Amino acid sequence: MADRGGLDPFLDGLDSPMFVVTTVDPQTGERAGCLVGFASQCSIEPDRFVVWLSQNNHTYRVAMHTDLLAVHGLAADQRDLAELFGTQTGDKVDKFERCTWQPGPSGIPIIDNCPRRFVGRILDRAAWGNHTGFLLEPLSASGEPDPSPLMLPAVAHLRAGHEA
């Protein structure tokens, strides 16, 4: 493992929820989606959320040509979706043939049975390290009460479809 400048003692034991981010290129209709562990609400008034996508990722390349992203909060029992969207690359596999979904606004894929999800308009993009942050303005959101989220330790063993 590479030396991360001494962050290991700080990061060890921290837990964060996992998300699947999906999008579609409005010009080509190309769909994309990936597992995301770097995401957070970043403003309360106005509501804002940010997701960071790896710049090596197929979803990142598609997201650079679109105005909308859908963010899906995974439940603790949805490791299958985490594995599909975290270990496969859209460069080689149509992930949406392997899950159930519906077209949302502008055709964006909305994955069925995710307990929490929202569609957000991309307000800004900022490159930080090897990831780019996408600042989102929520347009629509839904959620089920009290689903236990899928957390990082449950997927830490997965090998990413692309290098980070």
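Anything mentioned here points back to the structure above.
Only a predicted model underlies this, so the values are computations on that prediction, with no experimental measurement involved.

Draft legend 1. Here's a closer look at the sheet that holds strand S8 (residues 116-128). Ordered by their spatial adjacency, 7 strands build an open sheet running S2-S1-S5-S8-S9-S4-S3, and the pairing between neighbours is antiparallel. Each edge of the open sheet carries a strand with a single partner, namely strand S2 (31-36) and strand S3 (39-43). When strand polarity is set aside, the average angle formed by the axes of neighbouring strands in this sheet is 35 degrees. Taken together, the 4 bridges between S3 and strand S4 (residues 48-54) define a ladder with antiparallel strand orientation. Looking at the pairing, Ala39 lines up with Val51 of S4. On the sheet, helix H3 (residues 79-87) packs against strand S1 (19-24) and S2 and is oriented at approximately 115 degrees with respect to S2.

Draft legend 2. Inspection of the environment of Leu53 at higher detail. Following the sequence through the fold, Leu53 ends up in strand S4. Take Leu53: its relative accessible area is 0%, and that puts it in the buried class. A C-alpha to C-alpha distance of 7.8 Å links Leu53 and Phe38, two positions 15 residues apart in sequence. Apart from residues no more than four positions distant in its own chain, Leu53 is found in contact with Val21, Cys34, Val36, Thr59, Tyr60, Ala63, Asn130, His131, Thr132 and Phe134.

Draft legend 3. Up close: the packing of aromatic side chains. If you walk through the whole model with that rule in mind, you get 6 aromatic pairs. Note on Phe49 and Phe118: the rings are 5.3 Å apart at their centroids and 75 degrees apart in plane angle, and the pair reads as edge-to-face. With Phe49 in strand S4 and Phe118 in strand S8, this residue pair connects regions lying 69 residues apart in the sequence. For the pair shown, Phe49 and Phe118 are each scored as buried. Ring geometry for Trp52 versus Trp128: centroids 5.7 Å apart, planes at 50 degrees, classification tilted. Here Trp128 lies in strand S8 and Trp52 lies in strand S4, a separation of 76 residues in the sequence. Aromatic rings pair up to connect Phe19, Phe49 and Phe118 into one cluster.

Reading the values: the criteria
- Residues numbered from 1 in each chain as written.
- Predicted model: local features only at pLDDT ≥ 70, side-chain atom pairs only at ≥ 80, totals over all residues.
- Heavy atoms only, no water.
- Pairing = 2+ DSSP bridges.
- Helix = DSSP H or I, 4+ residues; strand = E, 2+ residues; numbered from the N terminus.
- Axes fitted to C-alpha atoms, helices over the stretch in contact; angles between N-to-C directions.
- Contact = heavy atoms within 4.5 Å.
- Buried < 20%, exposed > 50% of the residue type's maximum accessible area, 1.4 Å probe, protein only.
- Phe/Tyr/Trp six-rings, centres within 6.5 Å; stacked < 30°, edge-to-face > 60°.

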